[in-house]
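# Understanding the architecture of this molecule
If you want the building blocks of each chain, they are given just below.
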Amino acid sequence: MGSNEVLKRAECGCCGMWEECTLGYIRWVKQRFAGTWVCGLCEEAIKDEQARLGVGVEAALRVHATFVETANADPAIAIARSILLLLKKKSRRSNLVRRP
Ligand SMILES: [Zn+2]
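So, here is what we can say about the structure in this document.

Analysis parameters
- Residues numbered from 1 in each chain as written.
- Predicted model: local features only at pLDDT ≥ 70, side-chain atom pairs only at ≥ 80, totals over all residues.
- Helix = DSSP H or I, 4+ residues; strand = E, 2+ residues; numbered from the N terminus.
- Buried ≥ 20, exposed ≤ 12 C-beta atoms within 10 Å, placed from the backbone.
- Contact = placed C-beta atoms within 7 Å.
- Axes fitted to C-alpha atoms, helices over the stretch in contact; angles between N-to-C directions.
- Parallel < 35°, antiparallel > 145°, perpendicular 65-115°, else oblique.
- Left-handed = near helix turned anticlockwise from the far one by under 90°.
- Nonpolar A, V, L, I, M, F, W, Y, C, P; charged D, E, K, R; others polar.

## Re the overall build of the chain
Each helix and strand in the chain was counted, giving five helices and two strands. Ordered by position from the N terminus, the helices and strands of the chain form the series β-β-α-α-α-α-α. Residues classed as buried in the chain amount to 19% of the 100 residues present. Contacts in the chain between residues at least 24 apart in sequence constitute 37% of all its contacts with a sequence separation of at least 6.

What follows is the structure in structure tokens.
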């Protein structure tokens, strides 16, 4: 087992959700999101914001973090998010294979 296989608890800088991730994966995400670790769901949302607004990663991250704060105040949106997250986790294994 290399050091990259060690699991560490990483907390999302947007929604506060945490996942057990390998150190290599945590570093890889942080590099892409200006030093902030984000969960898979927020990662997708940030990429969407970037494409939609045509802004950089940091600006998109702030836009999404603001959205999450608003969404968490609304139980209906919070439930929709957790369902999405479940679906996401199920498809995670195949997604990871395609990642660089
Ligand atoms: Zn998140």
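Now that the structure has been shown, we can carry on.
## Looking at the environment of Glu58
Along the chain, the position of Glu58 falls in helix H3 (residues 57–72). With 24 residues separating them in the primary sequence, Glu58 and Ala34 have C-alpha atoms 6.3 Å apart.

## Quick look at unusual backbone geometry
Even without a glycine there, the phi angle at Ala34 is positive, about 50°. Here Ala34 shows up in the loop between helix H1 (23–32) and helix H2 (40–53). Note on Ala34: 13 C-beta atoms within 10 Å, which makes it partly exposed.

## Concerning the environment of Glu69
By the element assignment, Glu69 lies in helix H3. C-alpha separation for the pair Glu69 and Cys15, spaced 54 residues apart in sequence, amounts to 7.7 Å.

## As for the packing of H2 against H3
Between H2 and H3, whose axes approach to 8 Å, the crossing angle comes to 115°. In terms of orientation, H2 lies roughly perpendicular with respect to H3. Considering how the two elements wind past one another, H2 and H3 form a crossing that is right-handed. Contacts between H2 and H3 involve Cys42, Ala45, Ile46, Glu49, Gln50 and Leu53 on the former and, on the latter, Val57, Ala60, Leu61, Val63 and His64. Here the contact of H2 with H3 is built from residues that sort into eight nonpolar, two polar and one charged.

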